[in-house]
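An overview of the molecular structure
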Amino acid sequence: YVVQSLEHGRPSSLLASDRGGFLRVRADSTANPGAYDIPRRKAEQISYQFAPAVAPRGEPALLSVVLVHYRGADDLLRCVASLQRQRHRRLEIVLVDNGSADGGADAVVAQQHAAGWQLPIRLFHVEKNRGFAAGANVGVAQARGEFIMLLNPDTDVGDEALGHLLLALENGADIAAPRLLLRD
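Residues numbered from 1 in each chain as written. Predicted model: local features only at pLDDT ≥ 70, side-chain atom pairs only at ≥ 80, totals over all residues. Heavy atoms only, no water.

Moving on to helix H3 (residues 104-115). Across its 12 residues, H3 extends 16 Å between first and last C-alpha, which sits within 8% of the 16 Å expected from 1.5 Å per residue. Within the sequence span of H3, burial applies to Gly104, Ala105, Val108 and Gln112. Burial along H3 is one-sided: seen end-on, the buried residues are contained in an arc of 105°. Turned more than 90 degrees away from the buried face of H3, the exposed residues are Asp106, His113 and Ala114. For H3, the elements touching its buried residues are strand E5 (59-69), helix H2 (73-84), strand E6 (91-98) and strand E7 (121-126). Count one or two residues on from H3 and you reach glycine 116, which has phi positive near 70°. (Helix = DSSP H or I, 4+ residues; strand = E, 2+ residues; numbered from the N terminus. Expected span 1.5 Å × (residues − 1). Buried < 20%, exposed > 50% of the residue type's maximum accessible area, 1.4 Å probe, protein only. Arc of directions from axis to C-beta. Contact = heavy atoms within 4.5 Å.)

Here is the structure:
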């Protein structure tokens, strides 16, 4: 597998698996230039302080859509409704209420019951808004899917969009991104 990080907007390190139970680590950062072989056991103990703990393998073919909500209840309801219309049905919605006081998350739960939405919505409350990244980390840590998508709650997702993205991933793409269209 390959993991790449950025330092000041440029690639700074690359981890690639190697045979024999070792990881070959190539670091191009200014702080630690060079290449190193690390025993796989030791490499698995290395953690990145800003990354959430994620299960090594998620539920196969399940897409976890992580929504971080802070204000904008109407947008959030529209976004979740568009996810409920997806033709691809192997997905869960992980909704992180990031300290919002507008009642948007509660409105989604009420609408789920009123409209009979079938896709699961897992709600997590964060007491204080600590920003998008912190909220996304909460959602990613709770995600159960093999695939994870971070989605802004002011997004209206086309009915076939997630199926197309997943098809690209299942066919070997490492990352998939949608085409974004502005609403008039």
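Moving on from the coordinates now.
Let's shift gears to unusual backbone geometry. Despite not being glycine, alanine 61 shows a phi value in the positive range, around 65°. You can see alanine 61 is positioned in strand E5. Phi at arginine 71 takes a positive value of approximately 65°, unusual for a residue other than glycine.

Spatially, 4 strands are ordered E7-E6-E5-E8 in an open sheet, and the strand pairing comes out parallel. The open sheet terminates on both sides in strands that have one partner only, identified here as E7 and strand E8 (145-151). Between one strand and the next, the sheet's axes are offset by a mean angle of 20°, whatever the strand orientation. Summarising the sheet, E5 and E6 pair through 7 bridges and their orientation is parallel. Opposite histidine 69, over in E6, you have aspartate 97 as the bridge partner. Each of E5, E6 and E7 touches H3; the most contacted strand, E7, lies at about 160° to it. Sheet contacts for helix H5 (residues 161-170): E5, E6 and E8; angle to E8, the most-contacted strand, approximately 130°. (Pairing = 2+ DSSP bridges. Axes fitted to C-alpha atoms, helices over the stretch in contact; angles between N-to-C directions.)

In this structure, histidine 69 sits in strand E5. At a separation of 3.5 Å, a polar atom in the side chain of histidine 69 contacts the side chain of serine 100. If sequence neighbours within four positions are ignored, histidine 69 has contacts with Leu76, Leu95, Val96, Asp97, Asn98, Ser100, Asp102, Gly104, Ala105 and Pro153. (Polar contact = N/O pair within 3.5 Å; in protein donor to acceptor, adjacent residues only side chain to side chain.)

Moving on, we get to H2. With 12 residues, H2 ought to run about 16 Å at 1.5 Å a step, and its terminal C-alpha atoms sit 16 Å apart, in line with that. The complete set of buried residues in H2 reads Ala73, Leu76, Cys79, Val80, Ala81, Ser82, Leu83 and Gln84. Considering only its buried residues, H2 is in contact with E5, E6, H3, E7, E8 and H5.

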